[in-house]
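One-letter residues, chain by chain:
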Amino acid sequence: MKEFLFIFRGGDGNELQGSPEAMQQHMQKWINWMQKLAGEGTMVAGQPLTTDGKVLTGKNKKITDGPYAEGKELIGGYLLVKANDYAEAVEISKECPGLEVNGSVEIRQIQEIQA
């Protein structure tokens with residue numbers, strides 16, 4: 001099996017902001033989905049990310065606060081999953097709860113490095 005990185009971006013979630021119950025229900029969907037993937041042996045690792053961070057750039061190694069991007073571009077978390085190919089990885093990602101709030105899932109295959 002190959003490993004794929006799911007990068008979760010955006011998701012305005014405006015409909016969730018007004019209701020703590022709706023937010024809790026949405027978070028429960030994430031928990032359920034990740035537990036399902038872990039139970040199937042599909043999920044290798046994954047975590048949500050904070051909204052702050054640092055960006056290191058160039059030869060001079062300039063450090064700036066960040067990342068600063070539009071909300072729809074902000075990376076909110078990641079999962080590392082096992083799948084046979086991109087088609088299977090895409091099918092797994094279709095159950096992502098972030099899609100319900102207009103988020104996106106970028107799917108990238110982990111390149112194997114030969115030692």
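Going by the structure above, here's the rest.
Cut-off values and rules
Residues numbered from 1 in each chain as written. Predicted model: local features only at pLDDT ≥ 70, side-chain atom pairs only at ≥ 80, totals over all residues. Heavy atoms only, no water. Helix = DSSP H or I, 4+ residues; strand = E, 2+ residues; numbered from the N terminus. Contact = heavy atoms within 4.5 Å. Pairing = 2+ DSSP bridges. Axes fitted to C-alpha atoms, helices over the stretch in contact; angles between N-to-C directions. Core = buried A, V, L, I, M, F, W, Y, C linked by side-chain atoms within 4.5 Å. Buried < 20%, exposed > 50% of the residue type's maximum accessible area, 1.4 Å probe, protein only.

The topology assignment puts T42 in the loop between α2 (20-40) and β2 (43-48). In contact with T42, not counting residues within four places along its chain, are L37, L80, V81, K82 and I92.

If you walk across this open sheet you meet the four strands as β2-β5-β1-β6, and the pairing is antiparallel. On the outer flanks of this sheet lie β2 and β6 (103-109), each paired with one strand and no other. Each neighbouring strand pair of the sheet contributes to a mean axis angle of 15 degrees, computed without reference to strand direction. Sheet topology places strand β1 (residues 2-10) next to strand β5 (residues 75-83); eight bridges connect them, and they run antiparallel. From the neighbouring strand, L5 faces β5, where its bridge partner is L80. Relative to β2, α2 is tilted by about 160 degrees, and along the sheet it contacts β1, β2 and β5.

Once that is clear, we can look at the nonpolar core. Ranked by internal contacts, the top residues of the largest apolar core, which has 14 residues, are F4, F6, F8, W33 and L79. Of all the secondary-structure elements, those providing two or more residues to this core are β1, α2, β5, α3 (86-93) and β6. Ignoring anything within four residues of it in the chain, the contact list for F8 reads W30, W33, L74, I75, G76, G77, Y78, L79, C96, S104 and V105.

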